[in-house]
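Chains, contacts and geometry: an overview
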Amino acid sequence: QVQLVESGGGLVQAGGSLRLSCAASGRTFSSYAMGWFRQAPGKEREFVAAISWSGGSTYYADSVKGRFTISRDNAKNTVYLQMNSLKPEDTAVYYCAADWTPRAAPNLLLGEGQGAYDYWGQGTQVTVSS
């Protein structure tokens, strides 16, 4: 099992940057593919980005491609979401999610479906002012 705790959210002006972190407990973090999702007020939770356990593969929603970067440091049991050129429509609670993937598939991504992830953090609020 793994427990996830997000941090790094806050209030930022449009055009600014934030880096979110997701710290994971558990000795097998490096076996977990990770994802970031977000939920804006009154909207359903949506996919943002995903990364394989090795960090060798990444995937982004079209709405954040070119502005956000997902990365991980397995030695620190942490996954990151660097968010640049933020827009007011990026305002949401951001969640990290994880699930186990085979070591034999270092570039396997879990993708956009929330059902592919068994473990979720509590979320961190990101607010972008115009």
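Structure's up top.
Residues numbered from 1 in each chain as written. Predicted model: local features only at pLDDT ≥ 70, side-chain atom pairs only at ≥ 80, totals over all residues. Heavy atoms only, no water.

Describing the nonpolar core
In terms of nonpolar packing, the biggest core is built from 34 residues, with M34, W36, L81, M83 and Y94 touching the most fellow members. If you list the elements that add at least two residues to this core, you get β3 (18-24), β4 (32-39), β5 (46-51), β7 (68-73), β8 (78-83), β9 (92-100) and β11 (124-129). The residues touching L81, leaving out its near neighbours within four places in the chain, are L18, R19, L20, W36, V48, A49, F68, T69, I70 and Y94. (Core = buried A, V, L, I, M, F, W, Y, C linked by side-chain atoms within 4.5 Å. Buried < 20%, exposed > 50% of the residue type's maximum accessible area, 1.4 Å probe, protein only. Helix = DSSP H or I, 4+ residues; strand = E, 2+ residues; numbered from the N terminus. Contact = heavy atoms within 4.5 Å.)

Regarding the packing of aromatic side chains
Considering all chains together, one arrives at six aromatic pairs under this definition. Ring geometry for F37 against W120: centres 5.0 Å apart, planes inclined by 55°, an arrangement best described as tilted. Of this pair, F37 sits in strand β4 while W120 sits in strand β10 (residues 119-120), and the two are 83 residues apart along the sequence. Given the relative accessible area of 0%, F37 is considered buried. Here Y117 and W120 contribute two aromatic rings whose centre-to-centre distance is 6.2 Å and whose plane-to-plane angle is 65°, an arrangement assigned as edge-to-face. Looking at Y117, the relative accessible area reads 3%, which means it is buried. Taking the ring centre of Y95 as reference, the NZ or CZ of R45 above it sits at 4.9 Å. The ring centre of W53 lies 3.8 Å from the NZ or CZ of R103, which sits over that ring. (Phe/Tyr/Trp six-rings, centres within 6.5 Å; stacked < 30°, edge-to-face > 60°. Lys NZ or Arg CZ within 6 Å of the ring centre and 35° of its normal.)

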